[in-house]
Amino acid sequence: MSGDQIDWDLLRDAAIVALGNSYSPYSKFPVGVAGFADDGRVVSGANVENASYGLTLCAECSMVSQLWATGGGRLTAVSCVDGNGESLMPCGRCRQLLYEHGGPQLLLMTPEGVLPMAEVLPQAFGPADLETRGPAE
Ligand code: THU
């Protein structure tokens, strides 16, 4: 699927709605994210922080949980926004999460425009490495 076949406005609007579910009293930096699954449904999430700061769940974690809570599948396109509704680059950990559930072809709306995960997380470690390398003897 190419980037111009995707309703990016719909995804951004869904990510902005998801911002309303953010629990971010510590950073005061709400994040919302929304994505299309390969069956066309929209999944979304917001960041959920913790008094033990390192336990914070990023918005992408919430979205991936919703993906699996509502039937699973693959992510095809994702839009992540900050509290002003502007595109936000996912953090490094979340790039790995998105790669797991969308692979290198997943399209991401970024501040630089639409980019595939292959560019957002180049030379990624992923499920294929486990298959091709197998467990150590
Ligand atoms: N955050 C996300 O939810 N996703 C990202 O990709 C970047 C960072 C959240 C985590 C924390 O609650 C707040 O943004 C500030 O780092």
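Bear in mind the structure is a predicted one, so any value in this text is a computation, not a measurement. Sequence order sets the numbering: in each chain, residues are counted from 1 along the sequence as written. Note on the predicted model: pLDDT of at least 70 is required for a residue's local features to be given, and 80 or more for side-chain atom pairs to be given and counted; whole-chain, interface and lining totals, by contrast, use all residues. Note: side-chain values were computed over all heavy atoms of the structure, leaving out hydrogens and water.

(A) Representation of the overall build of the protein within the structure. Put simply, DSSP marks the helices as runs of H or I at least four residues long and the strands as runs of E at least two long, and each gets a number from the N terminus on. When its secondary structure is counted, the protein shows 5 helices and 5 strands. C-alpha atoms define the radius of gyration in this analysis, and the globule rule sets the expected value at 2.2 Å times the number of residues to the power 0.38. Taken over the C-alpha trace, the protein has a radius of gyration of 15 Å; the compact-globule value for 137 residues is 14 Å, and the two agree within 12%. Projected onto its principal axes, the C-alpha coordinates of the protein cover approximately 45 × 40 × 30 Å. Burial classification: accessible surface area is computed with a 1.4 Å probe over protein chains only, and a residue below 20% of its type maximum counts as buried, one above 50% as exposed, and the rest as partly exposed. The 137 residues of the protein split such that 42% are buried. Within the protein, counting contacts between residues at least 6 apart in sequence, those at least 24 apart form 60% of the total. For the accessible areas, the method is Shrake-Rupley and the probe is 1.4 Å, while residue cover comes only from the protein chains on display. Split by element, the accessible area of the protein, about 7,600 Å² in all, is 54% carbon and sulfur. Charge assignment: positive for Lys and Arg, negative for Asp and Glu; neither His nor the chain ends contribute. Here the site of a charge means atom NZ of a Lys, CZ of an Arg, CG of an Asp or CD of a Glu. One way to put it: in the protein the 7 positive side-chain charges average out to a point 6 Å from where the 16 negative ones average out. A contact between two residues is defined here by any heavy atoms of the two lying within 4.5 Å.

(B) Seen up close, unusual backbone geometry. You will see that Lys28, though not glycine, has its phi angle at about 55°, which is positive. Within the fold, Lys28 resides in the loop between helix 1 (8-19) and strand 1 (32-37). Unlike most non-glycine residues, Gln123 shows phi in positive territory, near 55°. By the element assignment, Gln123 lies in the loop between helix 4 (117-120) and helix 5 (127-133). Relative accessible area serves as the criterion here: at 84%, Gln123 is assigned to the exposed category.

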